[in-house]
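So you can see what is in the structure, the chains are spelled out below.
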Amino acid sequence: MAWEDLWQENLDHFAAPDRARADMPVIWQRLMDQAAPLLGWLVLLQGRAAGLAHVILRQHSFSTAQIAILEDLWIAPFARRHGLAERLVERLVREGRAQGWRRIEWETGDENLIAQRLYDRIATLDPVKRYRIDLD
């Protein structure tokens, strides 16, 4: 399956824990469930699966409009430098406007300088710090 191959590449790249691989069937089911807040897009390049995006919709306390959290944006190594990531984000923007989302937000690692060059050009960097408590 095209999604599974790309998702596996993404998990490998980010050295995801074994649990992420074990959860793949459940993630796929969520993507297929129209009632679930997880949405997905698959990008093709010359008929070959080349990229994916996963968005989680969540409620917001300042608005009735939903916030889209871009959880994953992955372009396969063979398909990079073709502008697919930017076009995929543009597609999400069109979808968000059509669906009435309030905004799309995402994060990236400090070391991901290539992605940051794109993000700095197409989006506004939030001046916030993110904190977490791992529960597993």
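These numbers were taken from a predicted model, which means no experiment stands behind them.

Rules used throughout
- Residues numbered from 1 in each chain as written.
- Predicted model: local features only at pLDDT ≥ 70, side-chain atom pairs only at ≥ 80, totals over all residues.
- Heavy atoms only, no water.
- Helix = DSSP H or I, 4+ residues; strand = E, 2+ residues; numbered from the N terminus.
- Rg over C-alpha atoms; globule rule 2.2 N^0.38 Å.
- Buried < 20%, exposed > 50% of the residue type's maximum accessible area, 1.4 Å probe, protein only.
- Contact = heavy atoms within 4.5 Å.
- Areas by Shrake-Rupley, 256 points an atom, 1.4 Å probe, with all protein chains shown as cover.

**Student:** How would you explain the overall build of the protein chain if you had to name every residue and give the values?
**Tutor:** Within the protein chain, the secondary structure is distributed over five helices and four strands. Ordered by position from the N terminus, the helices and strands of the protein chain form the series α-α-α-β-β-β-α-β-α. For 136 residues, the compact-globule estimate of 2.2 N^0.38 gives 14 Å, and the C-alpha radius of gyration of the protein chain, at 15 Å, lies within 12% of that figure. Seen along its three principal axes, the alpha-carbon backbone of the protein chain occupies a region of about 40 × 35 × 30 Å. Burial analysis of the protein chain (136 residues in total) assigns 34% to the buried set. Sequence-distant contacts in the protein chain: of pairs separated by 6 or more residues, those separated by 24 or more amount to 50%. Of the roughly 9900 Å² that the protein chain leaves accessible, carbon and sulfur atoms contribute 50%.

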